[in-house]
Amino acid sequence: MDPVADPKSVKVNVTSGTGMDIEWKDGHHSVYSFPFLRDACPCALCEEERTKEGRRPGDPIKPVAGSLPMFKAAARATEVEAVGKYGIRFTWNDGHQHGIYSWQFLRDVCPCEECNARRTAAKTG
């Protein structure tokens, strides 16, 4: 495992329903909202759907033009479990539970400003 993707501490805020905080061993701090994590699900089905729609992990589903918006409860985790020493799995309030979020994946999709800027620079550079 890349030492950068090695968490020092992980706090999942299931009770408050806000999301997850990770402090990485290199001192970086990542904050993930539950909607972001649900939209970033790394399972094969979600990855295929995102790829077809041209979305990146964490990008919300684009509304269909001309369709009426339907109420959809905000994504939140109902259960959380460690997966070995390499990741975490959520059971979501929509029943989905197939994605295993590896620490490397979570570090790669960190939504902070610094990481977004680094990804943008890597694309253009």
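Refer to the structure above for everything that follows.
**Student:** Describe the overall build of the protein chain, listing the residues and the values that go with them.
**Tutor:** The helix and strand inventory of the protein chain stands at four helices and six strands. Listed N to C, the secondary structure of the protein chain is β-β-β-α-α-β-β-β-α-α in terms of helices and strands. Relative to a compact globule of 125 residues, whose C-alpha radius of gyration would be 14 Å, the protein chain shows 15 Å and is just as compact. Across its three principal axes, the protein chain shows a C-alpha extent of roughly 45 × 40 × 25 Å.

**Student:** Can you break down the state of the cysteines residue by residue, with the values?
**Tutor:** What the rule picks out here adds up to zero disulfides. Not part of a disulfide, Cys112 finds its nearest cysteine sulfur in Cys115, a span of 3.6 Å. Judged by relative accessible area, which is 1%, Cys115 ranks as buried.

**Student:** Tell me about the pattern of salt bridges, residues and numbers included.
**Tutor:** By the definition in use, this model includes 11 salt bridges. The partner of Lys8 in a salt bridge is Glu23, with the nearest N and O atoms 3.5 Å apart. Remark: Glu23 occurs in strand 2 (residues 19-24) and Lys8 occurs in strand 1 (residues 7-13); sequence separation between them is 15 residues. The salt bridge partner of Arg56 is Asp59, with a shortest N-O separation of 3.9 Å. Looking at Asp59, the relative accessible area reads 25%, which means it is partly exposed. What you see here is one network of salt bridges that share partners, running through Glu49, Glu53 and Arg55.

**Student:** Which residues make up the nonpolar core, and what are the values?
**Tutor:** Among the nonpolar cores identified, the biggest contains 23 residues, and Met20, Tyr32, Leu37, Phe90, Tyr101 and Leu106 are the most heavily contacted of them. Only strand 2, helix 1 (34-39), strand 5 (87-92) and helix 3 (103-108) provide two or more residues apiece to this core.

**Student:** Provide a residue-level description of the pairing of strand 5, including the pertinent values.
**Tutor:** Of all six residues that make up strand 5, five are buried, and the element is covered over most of its length. Turn length for the strand 4 (residues 77-83)-strand 5 hairpin, with the two strands adjacent in sequence and antiparallel, is three residues, and the turn residue Gly84 shows positive phi of about 55°. Pairing of strand 5 with strand 6 (residues 100-102) involves three bridges; the strand directions are antiparallel. Looking at the pairing, Arg89 lines up with Ile100 of strand 6.

Calculation rules
Residues numbered from 1 in each chain as written. Predicted model: local features only at pLDDT ≥ 70, side-chain atom pairs only at ≥ 80, totals over all residues. Heavy atoms only, no water. Helix = DSSP H or I, 4+ residues; strand = E, 2+ residues; numbered from the N terminus. Rg over C-alpha atoms; globule rule 2.2 N^0.38 Å. Disulfide = S-S within 2.5 Å. Buried < 20%, exposed > 50% of the residue type's maximum accessible area, 1.4 Å probe, protein only. Salt bridge = Lys/Arg side-chain N within 4 Å of Asp/Glu carboxyl O. Core = buried A, V, L, I, M, F, W, Y, C linked by side-chain atoms within 4.5 Å. Pairing = 2+ DSSP bridges.

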